Amino acid sequence: MVDDFIAGLPKCELHVHLEGTLEQRHCGALAARHGLRPPADRPASYDGLADFLADYYAAVDCLRTEDDFRELTSAYLATARRQGVTHTEMFFDPQAHTSRGVALEAVVTGIHRAQEECTAGGGPSSSLILCFLRDAGAESARETLAASLPYRDWIAGVGLDSDERGHPPAEFAEVFSSARAAGYRLTMHCDPLQPDALLHLWQCLDLIGVERIDHGVDCLRDDRLVAELARRRLGLTVCPLSNLRLYGDLMGDAVAEMLERGLLVTVNSDDPAYFGGYVADNYEALADAGLSREQLARIARHGFEAAWLPPERRAAHLQAVDDYTAA
Ligand code: ADE
Ligand code: ZN
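Caption draft 1: Seen up close, the packing of aromatic side chains. The full count for this structure, using the stated rule, is nine aromatic pairs. For the ring pair Tyr-46 and Phe-52, a centre distance of 5.5 Å and an interplane angle of 75° mean the geometry is edge-to-face. Overall, the relative accessible area of 8% leaves Tyr-46 in the buried class. Pairing Phe-132 with Phe-176 gives two aromatic rings, centres 5.8 Å apart and planes at 75°, and the pair type is edge-to-face.

Below is the structure:
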């Protein structure tokens, strides 16, 4: 159950993988439609990122057509709306589909149609972020970037996700530089508790020039890094229920410390169909862990501050948070 204050608080989601919103039942229905074997049951928790990703990539096999991607996106946007999300910036993993023979056009067009329908139906507003799979390497990322350019107007930025071990940001410096030149905004995952976490975070700043970091909680171990992230007002998209289901720790204290130390920390759902909750449920989990309404409202503000929104729309969203908390 989500507390009324949290349900009504206008929220921005900046870290959600569309493929990670594929609910088990929806996956089963798609599998039946396409004559595939029903998906395996999902466990309540995972033994880290790689263990989770194996399930995640197996499940996406049921996404085959433009309509499948449209349905997936519509279902997420409807849930986000019910959870009080007023703006969302959604990741998708094109290589997880093109590698199976699904055309990029079907993926992007399906998602875009659902976004248009949602906007026409009262929102939330949304934008799309293309994530390269870091374990597919830089050459595949370059090819994917080139293939994305016909859809440039439908895609706000690029990110980097999947298995981080042995795939530092530096490996993708050139392709991110090309993406920036093409007009894309830049973000990258730095998942919790990964080997070389601090090196990866510094590379995001020094080599890539990212505009946000996805997760990034390990920064708290490096005072100089915290100071630099605070100085740049760089958004950090933390995902508490993801932390709980992958690492057995919500990391609520880390979120409170990030706030305390002046970081632009935001709260998000990551892969909600796997981790037991959408964005309001993540706020609720933090409230249960002891965060106050004032702290949660500050986090909601941070979401809109870190979003890739034009100034006037950002200001309207921030005003909505302020009006809500003043009421
Ligand atoms: N792909 C989907 N969810 C992810 C996560 N939490 N970290 C890295 N890659 C992902
Ligand atoms: Zn993620």
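Caption draft 2: The arrangement of the packing of helix H2 (residues 24-33) against helix H4 (residues 66-82) in detail. In contact at an axis separation of 12 Å, H2 and H4 are set at 165° when each is read in the N-to-C sense. In this view, H2 runs roughly antiparallel relative to H4, as classed from their interaxial angle. Regarding H2 and H4, the two cross each other, and that crossing is right-handed. In this structure, H2 contributes His-26, Leu-30 and Arg-33 to the contact, and H4 contributes Asp-68, Glu-71 and Leu-72.

Caption draft 3: Up close: the site of ligand 1. The immediate surroundings of ligand 1 are formed by His-17, Leu-49, Phe-52, Leu-53, Tyr-56, Asp-161, Ser-162, His-189, Asp-191, His-215, Asp-270 and Asp-271. Note that a nitrogen atom of ligand 1 is positioned 2.9 Å from one of the side-chain N or O atoms of Asp-191. One of the side-chain N or O atoms of Asp-270 is found 2.7 Å from a nitrogen atom in ligand 1. At four residues, helix H3 (residues 49-59) tops the list of elements feeding residues into the shell around ligand 1.

Caption draft 4: Structural detail: helix H7 (residues 137-148). When the terminal C-alpha atoms of H7 are compared, their 17 Å separation across 12 residues agrees well with the 16 Å that a helix rising 1.5 Å per residue should span. Those residues of H7 lying buried are Gly-137, Ala-138, Ser-140, Ala-141, Thr-144, Leu-145 and Ser-148. For H7, the angular spread of the buried residues around the axis is 160°, confining them to a single face. Residues of H7 that are buried sit in contact with helix H5 (95-98), helix H6 (104-120), strand S3 (125-133) and helix H8 (173-181).

Caption draft 5: Fine view of the pattern of salt bridges. Evaluated as defined, the whole model comprises 22 salt bridges. The shortest N-O distance in the salt bridge between Arg-113 and Glu-116 comes to 3.5 Å. You can see Arg-113 and its partner Glu-116 sitting in helix H6, three residues apart, about one turn around the helix. Judged by its relative accessible area of 30%, Arg-113 is partly exposed. In this structure, Arg-165 and Asp-163 form a salt bridge, with 2.7 Å as the shortest nitrogen-oxygen distance. Assessed through its relative accessible area of 13%, Asp-163 is described here as buried.

Cut-offs applied
- Residues numbered from 1 in each chain as written.
- Chains lettered and ligands numbered in written order.
- Predicted model: local features only at pLDDT ≥ 70, side-chain atom pairs only at ≥ 80, totals over all residues.
- Heavy atoms only, no water.
- Phe/Tyr/Trp six-rings, centres within 6.5 Å; stacked < 30°, edge-to-face > 60°.
- Buried < 20%, exposed > 50% of the residue type's maximum accessible area, 1.4 Å probe, protein only.
- Axes fitted to C-alpha atoms, helices over the stretch in contact; angles between N-to-C directions.
- Helix = DSSP H or I, 4+ residues; strand = E, 2+ residues; numbered from the N terminus.
- Parallel < 35°, antiparallel > 145°, perpendicular 65-115°, else oblique.
- Left-handed = near helix turned anticlockwise from the far one by under 90°.
- Contact = heavy atoms within 4.5 Å.
- Near = heavy atom within 4 Å.
- Polar contact = N/O pair within 3.5 Å; in protein donor to acceptor, adjacent residues only side chain to side chain.
- Expected span 1.5 Å × (residues − 1).
- Arc of directions from axis to C-beta.
- Salt bridge = Lys/Arg side-chain N within 4 Å of Asp/Glu carboxyl O.

Keep in mind that these numbers describe shape and distance, not what the molecule does.
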